Amino acid sequence: MTGVSWAYEAHAAALCAGAAAWLVVMREPGARRARLLFAHGAAELDQRLPRRPWPVLLKARDATREWAGARREWWCVPVAVLLALLGASVLPLIVGAVAVPLVRRWLRRRDQRRERERGADAVTALCGAMVGELRAGREPGQALLTALDVGSAEAGDRPAREGAGRTSSQGGWLGDAEAAVLAAARFGGDVPAALRQASERTGLGGLAGMAACWRVAVDGGAGLASGLDRLDTALRAERRRRDELRAQLAGAWSTVVVLALLPVAGLGLGAALGADPLRVLLHTPGGLVCLTVGGMLEAAGLYWACRIVRAGEAP
């Protein structure tokens with residue numbers, strides 16, 4: 001029993017001695033860190049701390065992603081260079097150079113279409129907010145100011161929720177057109193004229209109906225809330241019709257994409273079988289003729305299919 005108690009006492013003494021040594025050793029670095037943080041400021045601490053490459057790498061990644069997103073059509077060039085190296089021909093480079101402006105035009109049209117849809121959704125949301133504020137007892141000008149302030153707050157939070165993506169309503173529901181409407185509502189200007197002028201922007205055509213409702217309510221004494229409620233119902237019905245039509249045309253778009261990728265799948269299958277289709281297409285007369293005719297037929301088929309689907313999407 002005496003030996004066991006002595007062992008426990010020795011272990012306890014060793015533990016206490018180790019804790020005391022740790023406190024003595026770590027006391028000076030702790031005080032030094034406190035002085036660096038609170039007494040001498042962050043400049044000395046920044047000089048003493050090791051430099052880490054992660055912030056620089058993250059900034060470089062964000063800059064590269066922004067550059068690639070702003071110049072998406074230039075991705076045709078690396079693909080063309082890869083095909084030129086694989087096929088040992090300059091023909092893919094020529095095709096890639098021609099494809100850059102065509103892809104830029106297609107991307108610009110797609111962005112404009114999305115901008116119109118976002119603008120229409122913003123006008124619908126603004127009408128709903130206005131109806132709610134008017135039914136809560138606010139005056140028309142104050143209701144418009146409150147609705148626009150709510151839209152500005154939501155637009156400020158939207159890039160964080162969408163991965164800092166670009167939206168047409170940054171700075172508010174109406175984007176750049178919101179400043180004139182805000183000024184007219186805040187300082188007693190001609191709000192219907194400001195709304196009608198803003199309706200000329202892309203996707204904001206519904207503001208013309210809001211301006212008409214406002215003019216009738218001011219001149220004829222009609223209820224602005226009821227008119228905006230009808231306008232909101234019409235805009236929501238239009239958006240619902242657009243979503244339903246897009247859902248019905250999703251199968252047609254999938255068929256177009258599959259048909260467009262079939263020649264690429266054929267080239268991959270030929271290369272897997274050892275036929276070397278790139279050499280045949282790029283270095284033989286018959287292959288060049290087949291490539292030219294096939295490319296023209298592919299372009300004509302894609303254009304025709306896209307026209308059919310676009311005609312179905314048109315209102």
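Keep in mind that what you see is a predicted model, and the values were worked out from it rather than measured.

Chemist: Please clarify how the overall build of the protein chain should be interpreted in this entry.
Modeler: Secondary structure summary: the protein chain contains 13 helices and zero strands in total. The buried share of the protein chain, taken over its 315 residues, is 26%. Sequence-distant contacts, at least 24 apart, represent 55% of the contacts inside the protein chain between residues at least 6 apart.

Chemist: Please clarify how the pattern of salt bridges should be interpreted in this entry.
Modeler: In a structure, side chains of opposite charge can pair up when their charged atoms sit close to one another. Scanning the model with the defined rule gives eleven salt bridges in all. A salt bridge links Glu 73 to Arg 104; the nearest nitrogen and oxygen atoms lie 3.3 Å apart. Within this pair, whereas Glu 73 is found in the loop between helix 3 (54-70) and helix 4 (76-87), its partner Arg 104 is found in helix 5 (residues 91-135), the two being separated by 31 residues in sequence. Taking the relative accessible area as the measure of exposure, Glu 73 reaches 8% and is therefore buried. We classify Arg 104 as partly exposed; its relative accessible area is 27%.

Chemist: Can you help me understand helix 4 in this one?
Modeler: Every α-helical turn comprises 3.6 residues, leaving residues that sit three or four positions apart pointing alike. With twelve residues, helix 4 should cover 16 Å at 1.5 Å per step; its first-to-last C-alpha distance of 16 Å lies within 8% of that length. Burial in helix 4 covers these residues: Cys 76, Ala 80, Ala 84 and Gly 87. The buried residues of helix 4 all sit within an arc of 80° when viewed along its axis, so they share a single face. Of the residues in helix 4, the exposed ones pointing more than 90 degrees away from the buried face are Leu 82, Leu 85 and Leu 86. Contacts from the buried residues of helix 4 go to helix 5 and helix 12 (277-283).

Cut-offs applied
- Residues numbered from 1 in each chain as written.
- Predicted model: local features only at pLDDT ≥ 70, side-chain atom pairs only at ≥ 80, totals over all residues.
- Heavy atoms only, no water.
- Helix = DSSP H or I, 4+ residues; strand = E, 2+ residues; numbered from the N terminus.
- Buried < 20%, exposed > 50% of the residue type's maximum accessible area, 1.4 Å probe, protein only.
- Contact = heavy atoms within 4.5 Å.
- Salt bridge = Lys/Arg side-chain N within 4 Å of Asp/Glu carboxyl O.
- Expected span 1.5 Å × (residues − 1).
- Arc of directions from axis to C-beta.

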